[in-house]
Amino acid sequence: MRERAGVLDYGRQWWVRLWLLCVFIFLYAPIVILVAFSFNDSKRNIVWRGFTLDYYGKAIANSPLIEAFTNSLVIALISTAISTVIGALVALGLWRFRFPGRAVLEGLNALPIVIPEICMGIALLVFFNRIGWPNDLFWPLNLGPIIIGHIAFSFPFVAIVVRARLEGFDRSLEEASKDLGASEWQTFVRITVPYMKPGLVAGALLAMTLSLDDFVITFFTSGPETLTFPVKVYSMVRFGATPEVNAASTVLIAITLILTVVAMRLQKPEKAA
Amino acid sequence: MIVRMENLSKRFGEFVAVDNVSLDIPERSFFALLGPSGCGKTTLLRMIGGFEHPSRGRLSIDGEDMTGVPPNRRPVNMVFQSYAVFPHMSVRRNIAYGLEVTGVNRAEIGPRVEEAISMVRLDGMADRRPDQLSGGQRQRVALARALVKRPKLLLLDEPLSALDKKLREEMQLELRRLQQEVGITFVIVTHDQEEALGMASDIAVMEKGRILQIAPPRDLYEHPKKRFVAEFIGASNLFECDVLSGEGNRARVRAAELGEVDVERADESTRDGILMIRPEKLRLDMRGSIPVEGEVLIDVTVDQIAYYGDLSFVYLHTDSGRRLTCSRYNINRVGEADPPSGHRCKLGIHPDDLLLVGE
């Protein structure tokens, strides 16, 4: 006899499964199609004409695209490094010290996360104009405004992740270290930082993915010489979406996906010590 | 004296955690700071360790003034209540840590770590990580990590509170063995009077930031000076009384149930106070036999019996309604049964067992 599904056993009822399927299709079908059509042997993205890797080749040969891609990577690496340091310091400061205005600072720290990107983009644009930031610098110095913009919106994410990690830190570990003869600095490097590490790595990867695929803020802070990958793809699409764009996007998806998976792995809570 | 405290106080805002404490800890002793939670014992210990700075007073260790000396420069090591074993290091790395950070010669570290590992009986566990150890083993790591530094003083903050009863008894013996083996002073903080009585050579009883009495375990139990000490350590029965006269460590008192009796007082300055007697010193006379020489007999009614195997607690009340507790060892396997509740009988109290304690 067939076992009857329990009342709360939703996973086994056909209509729940069907609904779930619809949700997945809605969410992922466009991406699957995008990836699939990057292998399509056709100039247009409408009919399937057979498998080819031509468009990956074309994308690689497209030097403005590669240039934009290089820009994106350089921006991502630099802004990640700096926002990881700033974010970690903010987290440490908020966790460690009690001072007047701490709650306010904690709130302000989350502001770049909640503020609409478009507002931040315009704000940065106005800001760089106002202070007269030179826009005739050589590469890679001309990426400065974009890097600064990316740091501004990604370090709060790092701070939040690292802060969450520090919540579980037993302060007596630091005391024990000093008790055993270690200085403040030795304690920080040998005890506190190793504990923060999963948070630091996860935060850094988060900052990196955010930077790599940011469009809005980058759009406002980039000039004609400093296109990033997302901005370049946007300009290519305006002349029609060729499989070349699909190929480039697929590469970006792959990079983002890998980074996200690694970040999630590292964020998994460790076994209780 | 390995530790000397002079008029030491510590305030946290309005709260006075340690109130004008002067205390000397003798060398090679196993010294216990005993008191209820919030009595300031941990703050006192943390001041010796250098984790809290005294608001007033002076603290010296081995003759050296410790004012402004940070924890990493003190000849003292601590075993934390949570053990604080470094989770990202193996047992061996944990124990070597204190030697590495202070720049001890590499060739010297290895043998010293191995020695410490076998001293706390963790042989074969050196490469394990803390999450693969039991609570008791983690505590041994914390002990080895502190002892490998060869401190002049080892501080232990409630070291046994996280262990279950059996393990706790085992570790009590283990700590005493270690203390005798390494021959340094141990200062332990505990709220468990049995733990303090069983391990320490000297006990300081604390209440509300002050030290009430410092004495070896037997003295503390048999000759408490204050009512708080009498009640905190072991069980006690109390009788209000009037002090008629006093000389030296003897006093003549009058109590409603007992009449006029001559009793001991541990504190010569006790002018008025309360009479105390331990439950095991009350003699429950169920058959109305002849009184023991010098004993005062009073009529009591049995309320309840609590049977604990080795001994039973008999809860009684006198005719005037005073509640008393009497303990009896169950020495014979087939012996006298405990009296039923409601049973009326005599209770023998010998004045030699009574003690006048200050309020």
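Residues numbered from 1 in each chain as written. Chains lettered and ligands numbered in written order. Predicted model: local features only at pLDDT ≥ 70, side-chain atom pairs only at ≥ 80, totals over all residues. Heavy atoms only, no water.

Undergrad: Mind showing me how you'd approach the interface of chain B and chain A here?
TA: One frequently used descriptor of interface size is the decrease in accessible area upon assembly of the parts. Contact with chain B, which involves 26 residues of that partner, is made by 20 residues of chain A. Here chain B meets chain A over a buried area of about 1900 Å², counting both sides, of which 58% is carbon and sulfur. Taken as a group, N72, Y97 and V101 of chain B account for 27% of the area that chain B buries against chain A, more than any other trio of residues on that side. At the junction of chain B and chain A, the tally comes to two salt bridges. For R190 of chain A, the salt bridge is made with E100 of chain B, and the minimal N-O distance between the two is 2.7 Å. Linking chain B to chain A there are 12 residue pairs in polar contact (both at pLDDT 80 or more). When residues of the side of chain B that touches chain A are traced back to their parent elements, those giving at least two are β6 (76–79), α2 (91–100) and α4 (135–147) of chain B. It is α2 of chain B that provides the largest number of residues to the side of chain B that touches chain A, a total of four residues. Grouping the constituent residues of the side of chain B that touches chain A by class yields 13 nonpolar, six polar and seven charged. (Contact = heavy atoms within 4.5 Å. Buried area = accessible area lost by both parts, 1.4 Å probe. Salt bridge = Lys/Arg side-chain N within 4 Å of Asp/Glu carboxyl O. Polar contact = N/O pair within 3.5 Å; in protein donor to acceptor, adjacent residues only side chain to side chain. Helix = DSSP H or I, 4+ residues; strand = E, 2+ residues; numbered from the N terminus. Nonpolar A, V, L, I, M, F, W, Y, C, P; charged D, E, K, R; others polar.)

Undergrad: Help me understand the pairing of strand β15 (residues 273–277) of chain B, please; the structure alone is not making it clear to me.
TA: Consecutive residues of a regular strand have side chains that alternate between opposite faces of the sheet. Residues and elements named next belong to chain B. Across the five residues that make up β15, a large majority, five, are buried. Bridge count for strand β11 (residues 237–240) against β15 is four bridges, and the pairing is antiparallel. Directly across from E240, in β15, lies its bridge partner I274. (Buried < 20%, exposed > 50% of the residue type's maximum accessible area, 1.4 Å probe, protein only. Pairing = 2+ DSSP bridges.)

Undergrad: Would you take a moment to explain the domain arrangement of chain B for this structure?
TA: Domain annotation for chain B reports domain 1 (3–222), domain 2 (235–276) and domain 3 (279–351). Here domain 1 of chain B and domain 3 of chain B have C-alpha centroids that lie 42 Å from each other. (Domains from an automatic or database assignment.)

Undergrad: Quick question: what am I supposed to make of a nonpolar patch on the surface here?
TA: Among the surface-exposed residues, W19, L20, V23, F24, F26, L27, Y28, I31 and V32 of chain A lie close enough to one another that they form a single nonpolar patch of about 980 Å² accessible area. Inspection of the secondary structure assignment puts W19 of chain A in helix α1 (residues 14–37). (Patch = residues over 30% accessible without salt bridge, like charges linked within 9 Å, V, L, I, M, F, W, Y side chains within 5 Å. Areas by Shrake-Rupley, 256 points an atom, 1.4 Å probe, with all protein chains shown as cover.)

Undergrad: Looking at this structure, how should I read helix α1 (residues 41–49) of chain B?
TA: Since there are 3.6 residues in each turn of an α-helix, residues three or four apart along the chain are aligned in direction. α1 of chain B sits mainly inside the fold: eight of its nine residues count as buried. Phi turns positive, to about 95°, at G50 of chain B, one or two residues after α1 of chain B.

Undergrad: Is there a simple way to think about the state of the cysteines in this case?
TA: Each disulfide consists of one covalent bond between the sulfur atoms belonging to two cysteines. Here the structure, examined in full by the defined rule, presents zero disulfides over all chains. With no disulfide of its own, C326 of chain B lies closest to C345 of chain B among cysteine sulfurs, the gap being 8.6 Å. (Disulfide = S-S within 2.5 Å.)

Undergrad: I would appreciate a short explanation of the packing of α4 of chain B against helix α5 (residues 165–182) of chain B in the present structure.
TA: Helix-helix packing is described using two parameters, namely the angle between the two axes and the distance between the axes. Residues and elements named next belong to chain B. Contact geometry of α4 with α5 gives a least axis separation of 12 Å together with a crossing angle of 15°. Put simply, α4 runs roughly parallel to α5. Crossing angle aside, the handedness with which α4 passes α5 is right-handed. Seen from α4, the contacting residues are G136, Q139, R140, L143 and L147; seen from α5, they are L167, E170, M171, E174, L175, L178 and V182. Its residues assigned to classes, the contact of α4 with α5 shows seven nonpolar, two polar and three charged. (Axes fitted to C-alpha atoms, helices over the stretch in contact; angles between N-to-C directions. Parallel < 35°, antiparallel > 145°, perpendicular 65-115°, else oblique. Left-handed = near helix turned anticlockwise from the far one by under 90°.)

Undergrad: Which parts of the structure should I look at to understand helix α3 (residues 106–119) of chain B?
TA: All names here are of chain B. Here α3 spans 20 Å end to end across 14 residues, near enough to the 20 Å set by a 1.5 Å rise per residue. Buried within α3 are the following residues: I109, R112, V113, A116, I117 and M119. In a view along the axis of α3, the buried residues occupy a sector of 155°, so they form one face of it. For α3, the exposed residues lying more than 90 degrees away from the buried face are A107 and P111. On its buried face, α3 is in contact with α2, α4 and α5. Within two residues after α3, R121 carries a phi angle of roughly 60°, on the positive side. (Expected span 1.5 Å × (residues − 1). Arc of directions from axis to C-beta.)

Undergrad: Just checking my understanding: could you explain the sheet that holds strand β12 (residues 242–247) of chain B for this structure?
TA: Adjacent strands of a sheet form backbone hydrogen bonds with each other and so pair up, either parallel or antiparallel. Residue and element names in this part refer to chain B. The strand order across the open sheet built from six strands is β11-β15-β21-β14-β13-β12, with neighbouring strands paired in mixed fashion. Every interior strand has two partners, whereas the edge strands, β11 and β12, have only one. Strand-to-strand twist of the sheet, defined as the mean angle between neighbouring strand axes without regard to direction, takes the value 40°. Taken together, the six bridges between strand β13 (residues 250–255) and strand β14 (residues 259–265) define a ladder with antiparallel strand orientation. Each bridged residue has a counterpart across the sheet, and for A251 the counterpart in β14 is V263.

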